[in-house]
Amino acid sequence: MRNNCNNCGERLIYETNNGPGINYALTVMIFFLNILWYWPIFGMSYKDNSVYYFLVTSIVVVILLQPWLMRFSRIVYLYLFFGFRE
């Protein structure tokens, strides 16, 4: 591995990847945001098992969004811990 980037000269260092932790936080945030649209439209109650329908819907949404969430968590990680320098 080279010590510096050929294009910009930035020093290259081994970084620990905290992207999965940020991905987990984004996934939990998606679950809570799903409550905001699911509850007013369908309602939630333990009596009619709609909580289970909500969980299945949220899991499907998170699985469909997972490729974008993984990329976005990596971007958030890089912006939080490595600032842009000119």
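Here the structure is shown first, and the text comes after it.
Being a predicted model, the structure only gives us computed values, none of them experimental. (Residues numbered from 1 in each chain as written. Predicted model: local features only at pLDDT ≥ 70, side-chain atom pairs only at ≥ 80, totals over all residues. Heavy atoms only, no water.)

**As for the side chain of N23**
- One can find N23 in helix α1 (residues 19-42).
- Among residues more than four places away in sequence, those in contact with N23 are Q66, L69, M70 and S73. (Helix = DSSP H or I, 4+ residues; strand = E, 2+ residues; numbered from the N terminus. Contact = heavy atoms within 4.5 Å.)

**Points about the environment of V28**
- On the secondary structure map, V28 appears in helix α1.
- Overall, V28 belongs to the partly exposed group, its relative accessible area being 28%.
- Each C-alpha atom, one on V28 and one on V62, is 9.3 Å from the other, the two residues being 34 residues apart in sequence. (Buried < 20%, exposed > 50% of the residue type's maximum accessible area, 1.4 Å probe, protein only.)

**Notes on α1**
- Taking 1.5 Å as the rise per residue, α1 with 24 residues should run 34 Å; its terminal C-alpha atoms sit 33 Å apart, in good agreement.
- Residue L36 marks the point of greatest curvature in α1, where the axis turns by about 25°; the proline P40 follows within four residues.
- Where α1 is buried, its residues touch α2 (50-81).
- Phi for G43, located one or two positions after α1, is positive at around 75°. (Expected span 1.5 Å × (residues − 1). Bend = angle between axes of the 7 residues up to and from the residue.)

**Notes on a nonpolar patch on the surface**
- On the surface, Y52, L55, I59 and I63 cluster together into a nonpolar patch covering about 410 Å² of accessible area.
- Turning to its location among the elements, Y52 is positioned in helix α2. (Patch = residues over 30% accessible without salt bridge, like charges linked within 9 Å, V, L, I, M, F, W, Y side chains within 5 Å. Areas by Shrake-Rupley, 256 points an atom, 1.4 Å probe, with all protein chains shown as cover. Salt bridge = Lys/Arg side-chain N within 4 Å of Asp/Glu carboxyl O.)

**Examining α2**
- In this model, α2 (32 residues) spans only 41 Å end to end at C-alpha, well below the 46 Å of a helix rising 1.5 Å per residue.
- Of all the bends in α2, the largest measures some 60° and sits at Q66, one to four residues before the proline P67.
- Taken as a whole, α2 has its buried residues at S50, V51, F54, S58, V62, L69, S73 and Y77.

**What to know about the state of the cysteines**
- Applying the stated criterion to the full structure yields zero disulfides.
- For the unlinked cysteine C5, the closest cysteine sulfur is that of C8, found at 3.7 Å.
- Given a relative accessible area of 27%, C5 falls into the partly exposed group.
- Among the residues examined, C8 registers a relative accessible area of 58% and is labelled exposed. (Disulfide = S-S within 2.5 Å.)

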